[in-house]
Structures are given as structure tokens and as C-alpha cells.
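Examination of the molecular architecture
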Amino acid sequence: MLDIKYIIANLDEVKKKTADRKAQFDFDLLISIDEKRKSLQAENDLLKSERNRVSKEIGAVKKAGGDISEVQAKMREAGDKIAAIDIELSSAQTEMTEMLMTLPNILNDEVPVGGDEEDNELLRTWGEPKEPSFEAKPHWDIADGLGILDFERGVKISKSRFTAYMGYGAKLERALINFMLDSHAERGYQEVLAPYLVNAEAMKGTGQLPKFEEDLFKCERDDLYLIPTAEVSVTNLYSNEILDEEALPVKHCSFSACFRREAGSHGKDVRGLIRQHQFNKVELVKVTKPEDSESELQELLESAEQILQKLKLPYRVMTLCSGDVGFSAAKTFDIEVWLPSQKVYREISSCSTFGDFQARRASIRFRRKGEKKIEFAHTINGSGLAVGRTFLAILENYQNEDGSVTVPEVLRPYMNGLEVIKI
RNA sequence: GGAGUGGUGGCCGAGCUAGGCUGAAGGCGCUCGCCUGCUAAGCGAGUAUGCGGCUUAUACCGUAUCGAGGGUUCGAAUCCCUCCCACUCCGCCA
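Model, not experiment: these values are computed from the prediction. (Residues numbered from 1 in each chain as written. Chains lettered and ligands numbered in written order. Predicted model: local features only at pLDDT ≥ 70, side-chain atom pairs only at ≥ 80, totals over all residues. Heavy atoms only, no water.)

1. Overview of the domain arrangement of chain A
Once the domains are mapped, chain A shows domain 1 (4-100) and domain 2 (117-421). Centre-to-centre, using C-alpha coordinates, domain 1 lies 43 Å away from domain 2. (Domains from an automatic or database assignment.)

2. Digging into the environment of G169
Locating G169 in the fold gives a position in helix α7 (residues 168-186). A relative accessible area of 0% places G169 in the buried class. C-alpha separation for the pair G169 and T390, spaced 221 residues apart in sequence, amounts to 12 Å. Here G169 is in contact with I148 and F391, once residues within four sequence places are set aside. (Helix = DSSP H or I, 4+ residues; strand = E, 2+ residues; numbered from the N terminus. Buried < 20%, exposed > 50% of the residue type's maximum accessible area, 1.4 Å probe, protein only. Contact = heavy atoms within 4.5 Å.)

3. Brief notes about the protein's contact with RNA strand B
Taken together, 22 residues are adjacent to RNA strand B, and R37, Q41, S55, Q72 and R76 come closest. Within 4 Å of the protein, the contacting atoms of RNA strand B are 68% sugar and phosphate, with bases supplying the remainder. Separating a sugar or linking oxygen of RNA strand B from a side-chain N or O atom of S49 is a distance of 3.3 Å. R76 has a polar side-chain atom sitting 2.5 Å from a phosphate oxygen of RNA strand B. Looking at the surface near RNA strand B, the element that brings in the most residues is helix α3 (residues 27-63), giving 13 residues. Class assignment of the residues belonging to the surface near RNA strand B gives a composition of 4 nonpolar, 6 polar and 12 charged. (Near = heavy atom within 4 Å. Polar contact = N/O pair within 3.5 Å; in protein donor to acceptor, adjacent residues only side chain to side chain. Nonpolar A, V, L, I, M, F, W, Y, C, P; charged D, E, K, R; others polar.)

Encoded structure:
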């Protein structure tokens, strides 16, 4: 959420940045609601002030045995008026907040202006895409051959886009999770295991609600939502808190299953593990001071990249353009891993800084040592990495001509020393 | 799911069946100052947040907030209603 005061003071900039995203927003309406809200409050405060003053007097007079019936009647009228304004005021406040909750974050200046992912900019590339001497198979064929993924049975017990991992498949997935968590822990990230079901407040805090309800799985009768990413649960651990400066930066790594309805992506990536309703992910989450957020974002990006480097998987890093940056983010880097079967790079991580956007929504604040003033923190997060996509990238990049898959060296300690997955 | 207890400031904890002087006693913690050879103790002062106003470095003023929402009242932490949450016991269950 943006600060209404900031919006008013920097209206042109905010309008331009919103337009760069190709987002629609009625700023005139917002401003008029805000003005209405302020004048209502001024009027209301004045009346309440008067009421408080007179009420105290009434108490004193009554105690002294004086007559209060006349003032009482007058105050009754004042009370009615206050009640009426209260209703108007709170509806203006609600209206304003609801509007603000649908306004996307302001993009950082470095974000390239562009329409869609075609306009994303290449930041760097790591590793050489290997050219196998044979025709690279897609991961679903490899997995089928090895019996490590059971797409049919996954669908049988649930629905499409749900998959069962079998045998070494399950083990490889688990190895990846542990490997990733251990790697991040070495870099100072504290591990967190948080709830997968969260309330609407948490979803509003990180920006999934109110705008993107259709993307979420909801447990209607309990009024809880399945998290689409651990970002939601981990970031919101600090909601409505005022942190000590020394507690910053908060650095967490968190494994979770993630649940996404993938509304609007029917027919996309229907085969294989690329786009599942449920997938595993190790998420990195930071809460920082404003002045540290840029360097902490870079560090977080490197933390995500090191996983691919250790796994020796070729990748590239893209700076998302204005049209492709998500609603809550101020700037985003995507890491894309090489997939030999499709000969393309596919997203495997998304690392973003949110400025104080989420912190305002979730009310995550901090106080500098010796200062009285409270400031909003900055939040940062990124996948480190999407485990399912890492799994499939390994199958494709480490596949051998005979259908077996070599286990990346760094994973072998997590696989009881297994070097090759074969039939 | 059944029965019971309870939700007050960073924490503990008064106040809540006599509704006003209680943003809220007291204690702890913390901050600053004093004192002290050092530490401890002691002494003094301070110590919630949102919104609005005014300044804009502070300060200050108004208002709201004692789980949430609503009601009664001139006035509610205190009375009434609804909901939420936590804890204990029973049941169930990993």
C-alpha cells in the first residue's frame, strides 16, 4: 500500500509509474475521498471534543446535585450528529483503504519500461547450455522412464496439475529441499517452517488480497487460504510489530508447499512439472532497513543463484520490465534455468524488493536505536529455489542417452551417495 | 465436538455489581540524568500507537484505541448483545 500523503505530494510521479505498469487507477476519486475523509474527521473531532468537555462537566454538576436535564438533552442531539458523521467518516476511510489496497507499488527508477516479458532485460548469464550428443528428452519422458513421477495417479487422487513423486523422485525432491536450506543457512538465513493455511489479513499484508483472490485456494468454512508461497506466512510473521533496529536485517529461509489455482493459465504447460497447483519451494525472506534493501536484494539474488551454480545448472538473470513486475514489487529479477528439451530458459526464481509497500499493508515497522520515530521496514523475498522446477531442470540437464540421470555431485550426500538414477 | 476460565500499555498485573477525576494504579523492563574507584544498589525524570491539525528539527493541540464489532448512556476498560482468540479438563487424533 502506498502512503496517501506520498501520493498527493508526488502525484505526477505516481501516476506515471502506475501508467508504466499499464495499471488503471482513478486518482481523482482517491483524492476527493481523502479530502472528504479529512474534513469529516476535523468536524467530528471538534464535536467529540465538545462532548468530552461537557460530559465531564455534567459529571461534576451531577455530583454537586445540580440540574443537568437541559444540557443532557443538548448533548443527546450532539451525540446523534456525531454518530451520523461517524458512519460517513468510516465509510470514507474504508473506501480510501480499499482503493489504496488495489493500487500497485511504485516501480523503482531502474526498472526498464516495457509492456510484457519480451521487454525484460538480460542482466547476466551463467554457465554454458550443454549440447547433448543425442536428442534431449523432456523431463516427463525421463521421469516416466525412470518411474520417479506418477502423473496419472496424482491426477487420479486429486486433479490435473497434481503429481506424485515416487521412489528416487521423492528422494531427489527431498534432497533438493535439504540442500537448498542448508546452503542458505550457511549464508546466515534462519530456517522457518510456518503455516500453509493463513488468514485473509496475512494475504492482504503481502498483497495477494484483495485483488488476486481467484488465484488462491480457499478453505471456505474456516476462512483460511492456502499459501501460494512461503513469502506470505514468513513475511507476515512480523506483521503489526515494531522491531528493534538491531533485529534487522531479518533473514529467513523457509521450505513450504505452495498452492496456486493457476486461474487464467488453462492449457499452458499442461505437461510435466512446470506448472502445478501444488509445488515445493524454498523461499528467502528479508526484512531490512530502507537504506539496506538494495544491497540485501543483491545478496538475496546471489543466494538464489548459488544454488544453481552449485548444481551446475546454466541460467540467466533477467530484470523484469515495468509491465511484467508483480503488483506488490518495486523491482524484480527473475532467474531462468536452461531447459535443453525446449532449448529455452524458464523461470526458476523471482527475487523482488517491495520497498515499504508490504510493510505498510502488514504494518511491519522498526525503531532506530535512540530514536523515537518509527519507520516502515522494507521487505524482500525470492525463491531459492522453486524445487519442482529445479527437479525437472536436473532431469533434463543431467540426462544420459540411456535414459538415466546423473545425480549432481552436491546432492549425492543427500542421496546416500547415489550417483546415477537409473531403472 | 462438550464443559470451564480468561483476553487491559514491551512484560506482569490492578480497575471491571456502586459507568465520569483512568491512556489507564502498582511492579518489572527499557531510556536519559545524578550518584559511585568499577559493578550492583540507590535517587530523579521519561517510556503506546493510528488519524487529523499546527509546525515541520522537535514540541504542541484534538481525537480514537483496554481482543473485534454493535448497543445502552450526556459519558463505558467498566453495563448489554454478537463474534474471534487463548488456556484448562473431557472426547478425538499425528
